[in-house]
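Fold and geometry: a report
One letter stands for each residue in the lines below.
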Amino acid sequence: QQQVKQSPQSLIVQKGGISIINCAYENTAFDYFPWYQQFPGKGPALLIAIRPDVSEKKEGRFTISFNKSAKQFSLHIMDSQPGDSATYFCAARARGSSNTGKLIFGQGTTLQVKP
Amino acid sequence: GAGVSQSPSNKVTEKGKDVELRCDPISGHTALYWYRQSLGQGLEFLIYFQGNSAPDKSGLPSDRFSAERTGGSVSTLTIQRTQQEDSAVYLCASSFSDRGTEAFFGQGTRLTVV
């Protein structure tokens, strides 16, 4: 119930295309859903985040779509660029006294954007 | 410093030896997390500190692993009697609170057990 399942494991997209990464969760106590971007040799960095009271959040070329009833959320990267090539992690954080604050990460998606 | 600082950046140790990994969180951040990332894998939760509350140790893989946070700031992750399967990048993160604010990660410590 604490898991966050992420797919696909790897993704290859042509420059200018749309990259889509999906995540699913079980725990209804999750109330904060960030996406992190990680370049080789670096720690993950926050890209964009959403709370379950909204269905979509857009920041530049990055959009999170959130489906609360299906317990799924996805990251869309519009006009993908070679500089977007990185590993992307979805995550979820639970509320509640027993597990508040613990960020649970998906398995990661390695994105390669071809020029 | 401006960000989360981890030391050392790389550590090579012999099997059976103990190691200590250090994390200096961003000043004022009350929440601190340790994660482990094996080669090409996701981030495995290890332990979480929030203020003066008892830490959430539910992710520690064995009793060889322990962590402490002194004075609500610096944290040390200790691995006793290291094994080859402990080889990974150990990442520390901190955030201002546990209620949905951004967690900032350090660069990690790459641990290699030979």
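An account of the accompanying structure is given in this report. Since this is a predicted model, take the numbers as computed values, not measurements. (Residues numbered from 1 in each chain as written. Chains lettered and ligands numbered in written order. Predicted model: local features only at pLDDT ≥ 70, side-chain atom pairs only at ≥ 80, totals over all residues. Heavy atoms only, no water.)

1. Regarding the sheet that holds strand 7 (residues 75–79) of chain B
Residues and elements named next belong to chain B. Strands sit in the order 1-3-7-6 across an open sheet of four strands; the sheet is antiparallel. Whereas interior strands pair on both sides, the edge strands pair on one side only; in this sheet they are strand 1 (5–7) and strand 6 (65–69). Each strand of the sheet is rotated relative to its neighbour by a mean of 15 degrees, with strand direction disregarded. Pairing of strand 3 (residues 19–24) with strand 7 involves five bridges; the strand directions are antiparallel. Bridge pairing in strand 7 places C23 opposite S75. (Pairing = 2+ DSSP bridges. Helix = DSSP H or I, 4+ residues; strand = E, 2+ residues; numbered from the N terminus. Axes fitted to C-alpha atoms, helices over the stretch in contact; angles between N-to-C directions.)

2. Here's the deal with the packing of aromatic side chains
All names here are of chain A. Throughout the structure, instances matching the rule amount to 17 aromatic pairs over all chains. With a centroid separation of 4.9 Å and 45 degrees between ring planes, the pair formed by Y25 and F33 is classed as tilted. What makes F33 buried here is its relative accessible area of 0%. Judged by centre distance (5.8 Å) and plane angle (70 degrees), the ring pair of W35 and F73 falls under edge-to-face. (Phe/Tyr/Trp six-rings, centres within 6.5 Å; stacked < 30°, edge-to-face > 60°. Buried < 20%, exposed > 50% of the residue type's maximum accessible area, 1.4 Å probe, protein only.)

3. As for the environment of G108 of chain A
Residue and element names in this part refer to chain A. One can find G108 in the loop between strand 10 (103–105) and strand 11 (109–114). Residue classification places G108 among the buried residues on the basis of a relative accessible area of 6%. In sequence terms G108 and S7 are 101 residues apart; their C-alpha atoms lie 7.7 Å from each other.

4. Considerations on the interface of chain A and chain B
Tallying the contact residues gives 22 residues for chain A and 21 residues for chain B. Carbon and sulfur atoms supply 49% of the area that chain A and chain B bury against each other, a total of about 1700 Å² over both sides. Scanning the region where chain A abuts chain B turns up zero salt bridges. The tally of links from chain A across to chain B stands at four residue pairs in polar contact (both at pLDDT 80 or more). Breaking the side of chain A that touches chain B down by element, the ones donating at least two residues are strand 4 (30–38), strand 9 (86–94) and strand 10 of chain A. With four residues, strand 4 of chain A is the single largest residue contributor to the side of chain A that touches chain B. Considered class by class, the residues forming the side of chain A that touches chain B number seven nonpolar, nine polar and six charged. (Contact = heavy atoms within 4.5 Å. Buried area = accessible area lost by both parts, 1.4 Å probe. Salt bridge = Lys/Arg side-chain N within 4 Å of Asp/Glu carboxyl O. Polar contact = N/O pair within 3.5 Å; in protein donor to acceptor, adjacent residues only side chain to side chain. Nonpolar A, V, L, I, M, F, W, Y, C, P; charged D, E, K, R; others polar.)

5. Examining the state of the cysteines
Residues and elements named next belong to chain A. On inspection of all chains with the given rule, the structure shows two disulfides over all chains. Between the sulfur atoms of C23 and its disulfide mate C90 the distance is 1.8 Å. Because the sign of the S-S torsion sets the handedness, a value of about -95 degrees for the bond joining C23 and C90 places this disulfide among the left-handed ones. Remark: C90 occurs in strand 9 and C23 occurs in strand 3 (residues 19–25); sequence separation between them is 67 residues. Assessed through its relative accessible area of 0%, C90 is described here as buried. (Disulfide = S-S within 2.5 Å.)

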